Structure formats: C-alpha cells, structure tokens
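The primary structure of each chain is shown beneath.
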Amino acid sequence: MNIFEELKRRNVFKVGIAYAVASWVLLQIIDLVLENINSPGWVMQVFMLGLAVGFPIAVIVAWAFELTPDGLKREADVDRSQSVTAKTGHKLNWYIIGFLVFAVSFLLYERISKPVSTLGASSLNTTEVGKSIAVLPFVNMSADKDNEYFSDGLSEELLNLLAKVDGLKVAARTSSFKFKGTDADIAEIGNTLGVATVLEGSVRKSGNRARITAQLIKVDDGFHLWSETYDRNLDNIFAVQDEIALAIVDALKLPLLGADASPVETSKTQNFAAYDFYLLGRNKARETTAMAFQQAIGYFKQSIAADPDYAPAHSGLADAYIYLANYGGLSLTQALTLANAAVKRALELDSELVDANASKGLLLRTEDNRSEAEQYFKKALTINPNHVLALRYYSDFVSNAQKTEEALALSRKALALDPLSDLSRFTLIGHLIAAKQSSEAEAMIQAMIAENPENPFPYEAWGNLYMAQGSLAKAVSMYRTAHRLRPGDTYMAWQNVIALLLMDDLDAALEWMQKGLDRGEDSQWMEMARLNLLTYQGDWQALLSFIDEILMRGEYQADWRFERAKVLADMGRLDEARAEYKKTLVDTGYKTNQPIRWEHAASAVYLALLLDQDNEQKEFTRLLSQLDQLATETGRQSQGFELYLLNARISSLQGHRENTLAWLKKSIASGFRNRSLLQRDSILIRWAEDPEYLALTEQLTALAAQQRKLLEKTSSNNYSRRGF
C-alpha cells in the first residue's frame, strides 16, 4: 500500500487543511468578541491551545474513520466498493474554498480599515496615529525607591525633547504625571489628555548602570507601534534620551527640526551630578510651599556648583526665587534681585531657552516693564508655541491689558495641552470671570472641588468670582478656606483685607492683616494690604512715608509710583504729583505719538485732571481723546467695572454729569463696591454734592452693611467671626 496515496484517499490532507483554515477564521471571530468584552489575554491563549491540541486529533480521526451515510465508522469496517471518500473530498474542497474566501476578505478589510503596523519605524503613517503624544512617568523598578525622581526626570526630559518637534502636540507634564501610580488604561489616558499615542516605560537603575524600556502605544486600539530596551551607563544617559526621542519621532514620521541626527538642539550638561541636582530641584519646586521652594533653591545651587554653565539650572533657580516671594518666604525686593541675576545668566548661556525667556517676561511684568515683558513672552512662544508656562504667563499679561478674548484663547490652549493641571484650570477660570462667563467658571470650580476637596485653588477662584460679582461675604468665606488649605501663603490674607475693607469692617481687616504678618512680615502681599488699610483710613502722611520707604530700598514698581502720585495730589502737592504721573507713564512705555495702552490709563486720566486744572488745554484735549479711544477699543473685549470706572472718569473730565452717573451705576451693577473711592476720588469728587451721586454712595454703604450681616450669619453657623 502506497501510504501517500492512502492519505489522499482518506482525505487526511484535506481535513488538515480545512481544520487549519477553519481554526484561523474561528480565532479571528473569538479575538473580536474577547476584545469587545475586555477579556484578559489568557482566555485567547486557552482557545489557541485547544485548537492546536485538536489538530492531531482531527488528522487521526480522518485516517482511522470514514463518514458514511450511516454515520461515522472505522475505516477497516467499510467496504471499499461502498466508500464515499471521493464525495466527502468534494465537500471538503468547497469548505476549504469558503473558509479561504472568508479569510481573504477579512484580511482585505483589516488592511483597508486598520493597517497592520510592524515593529519597524519606517512603516508607520502619521495620518494613522495622529500627531499627538503623552509621555507617562516611567516606572521606577530600581531597588532604591529614592531613585524615583530619576525615572520621573527621564520622562520629563523625553517630554521636553518631543515638545520641540514641529507639528507634534505633546501633553504637558503636569497632566500626564497625574496618571502616575494609577490603574487607568491607555484608552482612558488618551481620551483625557486628547492624544493619539502614549509613551510609557520603566527604569531599572543599579549603580552606574540603567536599563530603560520604552514603548509607544496607539490609544484607539492599544496596538504597540514601537518598543525598545536600552542598557546604558548613566554617564551616557543624555545620549540615551536623545536616542529614544529620535526613535519615537521617526516612528511617527514627523518632520524634524533641521537636518541633524537628533530632533532638536537641547540645552544639557554632560555632568551627571549637575543634572541629578537639577531634577531634584524641579521635583521639589512642584510642591508649591515656601519650604519646598527653599529646598529647590538649594538643589539648583548645587546643580550650578557642579556645572556653572548649565542654563536650565539657572532658569529653575530664578523661578524658585519668584515663587518663594509669592509664598511669603522672601521679600519681593530680594527675589527680583536674585531672580534677575539668575535669568540673566541663563539667557547668556542659552538665549533660545524657552523657560528662561518666559521667566524673563514674568520678571519684567512684575517690575511693570510691560513692553519688554511682552517681547520676551512672544519670543518664548515663537521658540515653542506649545509651552504651557509661557502660554499661562502671556494670557495673564494680555488679561491685565483687558484683552479678554485673547487671554481666553491663550489659556484655553494651555489647558488643552495640560488638561489636568490645577494652575492651567485656575488661569482659565480667572479669564472666564473677567469675561463675565460665570457659568463655565463655576462649573470648572465645582469640578475641581469634587475631584479634591482639599485643593485650595478652586476656593480661591470661587472667592475671586464672588468678589467680581460684589458678593463680598461669600468671597471672604472662600478666601478663609483657601487660607486654611495653603499654610504659609499670605495672599489669601491680603484678599480678605480687601474684601473686609469694602464691607467697612476695619477691625476684621486689621485682624486678617495680622494673620498675614504672622506668616510673613516681608511679604509683598502684606505691603499691599498696608497700602489698602492706610488708603481706607485716609492717613496720607503715613501712606506717603510708607511708599517712599519701599521706593528708597530700590524696589521700583510703576504701581507704587502711581500710588505716590495719587497721595501727593490728595495732599495738594500738585506739581510733584504731575511729575510722578509723567514719570510713571514714561517708565511703562508710553509715547505721545502712539495710542495709550490699558496699563497707561490710570496715570493718564489723573494726569489729564492736573493738565485741566493748569489750563494746559491742548495737552489735556489730546490726552483725553486718546483715553476715549482706548475705552472704546477695550469695550470690544472687556465689560468689567474697571472699564466702566474709566469711562466715568473720562465723562467727568468732560463735564458730562449724566454720562458719569450712568457709568457709575453700571459699574455698581457689575460688582463695584468701593464706597470710599467715590468719596475721595479727585476726578469724581466734583459731583460729591449731587443728590444722585450721594445716592450711589449711600447705596454702596447699604450694600456693605448687608454683606457684614451676611458674613456674621455665615460665621456663626460655621466658625468664629474672624475665621480660622
């Protein structure tokens, strides 16, 4: 007997082929079902093993048995003259053809609807994966858990490299690191961050060696587009970072910046100790407390000691000084001096370092050098249009200029890049409040509180919203909560001083002033609180001495010089006041042959008053015309009571009583509550004896009393009248 011929006669080959093709088709169906029910991977493996075991059984059955019209019989018991194996073979042919047609159709469908990618980078298509990525914090698999900052630093460095690639949207560090230690799946992460791909990995560090594993995953189907493992000495870690980033960029087929082998030029050090301390400093600064910023400053200084030419460490040091001043751990005078020196050095080492340009803009804005500040903000965003910090800084800058729509656009972009960042959300909420979009602002605030009831940012934002609406008692309640949740910070104490003075509750304001002083006597916010208190009390000589003390110690700010000019005018020292107003205008970039900007408005409108009193009508008319044009242009974007007050002052200077009163009524309806301002403002005071003007001051007095009663009721229900 010819064994090959006998195998053919008994259809063993055809049964094997039919079984294999049918098994493949069945596995595709099973895989589709299991994927839709999120079944664990081992279930598919069980099916594959079962079908594999069944193959030899099917072949043995085909050899030993024959399917007859009377059922399955042993082949030895079937009369050869009665055998139907030929007919069975025909049927098997049709089964095989049917399964093959299905298999080919399925493969074509897969090819068209979801192309299969290989591990090689060259086969991927950017339209398939989308030009967006989130870099998750690499998992620290080292025995020493203190090395976690190193794995975080590697993730951040990769993120920074990828963020510099043209056309690639990269989720910001703050948001992507929110998923650290969570069990969120790739689809959830991608949808939350709005990206098409996710980079994840791990670091196993031992001595001076590290094994780094990275993998790029598609969000929509979890497919691994690329993966690699790197075993390197740590003294080559920077080359490894560039190598990984370049591999990912190549995998996504995105255009590179320039024709070099690496995707971007980076500002790095080859001194591992310097980089190590830099990562520690960045890691500590994210804790946003005075103590944490002090520790961060120490780490940045150690980084600079290890490598004096490492630009990012100088930039990080400058940021830490500024933040420390904001949190009451350093006077603003010292902070600005130290930060300016650090930023100057960073820019000398790398003028294209985006962080340094953003920090320089922030410093200049703090010093009221707004024209130069804007240049640095714009340069930072030219270097990297998706730099979240620069976007936030610049959005605040244009918001202060009453460019509400532009501020909203910038802050929305920052939030889209950094959707889980408290600071990005807080910034957008502030601009929504300024734009009178209260519903969206309140919805975001409530979502933040629901997410974390101990987060101080939403309570501060809610206080700001209530302040803008004139609901002072509710604002104080929210500021108290934020004050409690943010130990060491003096800013909330200052905000309470402002709100309580607007409620004519001087005693409570003084108590909150002391609470702030207890946290930081040199705090810039406490200096502002003292300015508010002395202004409210009308103690012009004490106020002038206080302002002169600040200016004499070298802490020049146009805002302080403007306040000095107002005090001098109120004291009748008009020549000195006029000189101060002019100096303030010049120092903030005002030029007579150019339109007035919002930052010039306050000084310009009071200067116009003095010009009118001195009968300098030509200059008065020119200045008033510029102010009128500014108010009209600003009104296209902003509708806040600050704009209404400017219009009221312009109308008053023009002698238009009815327009002045109309604008003041509109400002009160919009949330203005400063009764003492109406009683002392040198421009508006001309209407002090007018019955309607007096009625407005009485209305503000009644509103203040109403808010005091509401606060007393709220306090008695929750805590002592004076807060925590």
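Here the structure is shown first, and the text comes after it.
Owing to the predicted nature of the structure, the values given are computational and were not obtained by experimental measurement.

Calculation notes
Residues numbered from 1 in each chain as written. Predicted model: local features only at pLDDT ≥ 70, side-chain atom pairs only at ≥ 80, totals over all residues. Heavy atoms only, no water. Helix = DSSP H or I, 4+ residues; strand = E, 2+ residues; numbered from the N terminus. Buried < 20%, exposed > 50% of the residue type's maximum accessible area, 1.4 Å probe, protein only. Contact = heavy atoms within 4.5 Å. Areas by Shrake-Rupley, 256 points an atom, 1.4 Å probe, with all protein chains shown as cover. Pairing = 2+ DSSP bridges. Expected span 1.5 Å × (residues − 1). Core = buried A, V, L, I, M, F, W, Y, C linked by side-chain atoms within 4.5 Å. Salt bridge = Lys/Arg side-chain N within 4 Å of Asp/Glu carboxyl O.

Caption draft 1: Representation of the overall build of the protein chain in the model. Along the protein chain, the regular secondary structure elements total 33 helices and 8 strands. Here the protein chain holds 724 residues, and 50% of them are scored as buried. Here the analysis covers contacts within the protein chain between residues at least 6 apart in sequence; of these, 61% occur between residues at least 24 apart. Counting only carbon and sulfur atoms, one obtains 54% of the accessible surface of the protein chain, whose full area is about 33300 Å².

Caption draft 2: Spatial organisation of the pairing of strand E3 (residues 132-135). Both faces of E3 are covered, namely the face carrying Ser-132 and Ala-134 and the face carrying Ile-133 and Val-135. When E3 meets strand E6 (residues 197-206), the two strands line up parallel, connected through 3 bridges. Residue pairing across strands places Ile-133 opposite Thr-197, the latter belonging to E6.

Caption draft 3: Expanded view of helix H13 (residues 332-349). Along its 18 residues, H13 runs 25 Å from first to last C-alpha, staying within 8% of the 26 Å computed at 1.5 Å per residue. Buried residues belonging to H13 abut helix H12 (311-326), helix H14 (354-366), helix H15 (370-383) and helix H24 (524-537).

Caption draft 4: Structural detail: the nonpolar core. In this structure, Tyr-278, Leu-317 and Tyr-394 are the most contacted members of the largest nonpolar core, which totals 55 residues. If you tally residues by element for this core, the top one is H12, at 9 residues. Ignoring sequence-local partners within four residues, the contact set of Leu-317 consists of Ile-297, Phe-300, Lys-301, Ile-304 and Ala-342. By size, the runner-up hydrophobic cluster in this structure holds 46 residues, among which are Leu-408, Met-467, Ala-499 and Leu-502.

Caption draft 5: Representation of the pattern of salt bridges within the structure. Evaluated as defined, the whole model comprises 26 salt bridges. In this structure, the salt-bridge partner of Glu-460 is Arg-486, at a minimum N-O distance of 2.9 Å. Taken together, the residues span a long stretch of sequence, with Glu-460 in helix H20 (residues 456-469) and Arg-486 in the loop between helix H21 (472-485) and helix H22 (491-502) at a distance of 26 residues. Arg-486 sits in the buried class, given a relative accessible area of 8%.

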